[in-house]
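Read off the chains here:
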Amino acid sequence: MMDNFKEDIVSSRSTLLPNILYVISWIFVVIFGLYALLMLQVLFVAFSVSSLLITALSAAAAVLLFLLKDNLKVEYEYTFTNGSLDFAKVLRGARRKELGSMNVANVAACGHVAHDSFRRFLSMKDVEKKNWFLNRDGNLFYFYYVKENRKHMIIIEPSEEMVGMITRYVQAGVYQG
């Protein structure tokens, strides 16, 4: 028997703004870091609470920007293997964060976001929605399922080939078109 395997990596189509923001964040990391070091020297010469507060805020801003800058360069990775779909978020092409896994045979409904069924499930009360896509104008696909009495919806951006594989593994009547 032949395995059905497909891996999709989704990148943002417009990279200009994220790249500019990434460079700006690095510039501010350096500025805030240097400013915090200079203020630390001032603290040793003439201690004051306001100088301590400014030093702490500058250092915190540098560290926070350093930790969050990788979120500006994100890709999503979808891996489909014989009915199992794995989701991952790739930060700056270096760090991979697992988002989850699902067996598509267990979903209650799935289909393209452009279909009317998507709006029906989206308008339901208490649906926890996970947007794991980058391009709003892309070929968006949704999965609706109930797990532990909680309603969930995942929206992804797979290729048409992956959608074809998914529709072969879902139960009859689940694919909404």
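Residues numbered from 1 in each chain as written. Predicted model: local features only at pLDDT ≥ 70, side-chain atom pairs only at ≥ 80, totals over all residues. Heavy atoms only, no water.

Q: Give me the lowdown on the pairing of strand β4 (residues 95-103), citing residues and values where you can.
A: Examined bridge by bridge, strand β3 (residues 84-91) and β4 share eight bridges and lie antiparallel to one another. Bridging from a neighbouring strand, Asp 86 pairs with Ser 101 of β4. Connecting β3 to the antiparallel partner β4 that follows it, the hairpin turn spans three residues, and Arg 92 within it adopts a positive phi of roughly 55°. (Pairing = 2+ DSSP bridges. Helix = DSSP H or I, 4+ residues; strand = E, 2+ residues; numbered from the N terminus.)

Q: Tell me what's going on with the pattern of salt bridges, and back it up with residues and numbers.
A: Tallied over the full model, the rule gives twelve salt bridges. With a shortest N-O distance of 2.2 Å, Arg 96 and Glu 77 are connected by a salt bridge. With Arg 96 in strand β4 and Glu 77 in strand β2 (residues 74-81), this residue pair connects regions lying 19 residues apart in the sequence. A residue is classified by how much of its surface remains accessible, and Arg 96, at 45% relative accessible area, is partly exposed. The structure contains a network of salt bridges with shared partners spanning Lys 69, Asp 70, Arg 92 and Arg 95. (Salt bridge = Lys/Arg side-chain N within 4 Å of Asp/Glu carboxyl O. Buried < 20%, exposed > 50% of the residue type's maximum accessible area, 1.4 Å probe, protein only.)

Q: Give me the nonpolar core: which residues, what numbers.
A: If you look at the biggest cluster of nonpolar residues, it comprises 35 residues, and the most contacted ones within it are Tyr 78, Leu 85, Phe 143, Ile 156 and Ile 166. Elements that contribute at least two residues to this core include exactly β2, β3, β5 (109-112), α3 (116-122), β6 (127-132), β7 (141-147), β8 (150-156) and α4 (160-169). (Core = buried A, V, L, I, M, F, W, Y, C linked by side-chain atoms within 4.5 Å.)

Q: Could you give an account of the environment of Val 74, naming the residues involved and the relevant values?
A: Positionally, Val 74 belongs in strand β2. For Val 74, a relative accessible area of 15% puts it in the buried group. On a C-alpha basis, the gap between Val 74 and Ser 11 in space is 7.1 Å, while along the polypeptide they are 63 residues apart.

Q: How would you sum up the packing of aromatic side chains? Please name residues and give values.
A: Evaluation of the coordinates by the stated rule reveals ten aromatic pairs. Site record: aromatic cluster; members linked through ring pairs are Phe 118, Phe 121, Tyr 142 and Tyr 144. Over the ring of Tyr 22 we find Lys 73; its NZ or CZ atom is 4.5 Å from the centre of that ring. When the ring centre of Phe 121 is taken as reference, the NZ or CZ atom of Arg 120 above it lies at 4.8 Å. (Phe/Tyr/Trp six-rings, centres within 6.5 Å; stacked < 30°, edge-to-face > 60°. Lys NZ or Arg CZ within 6 Å of the ring centre and 35° of its normal.)

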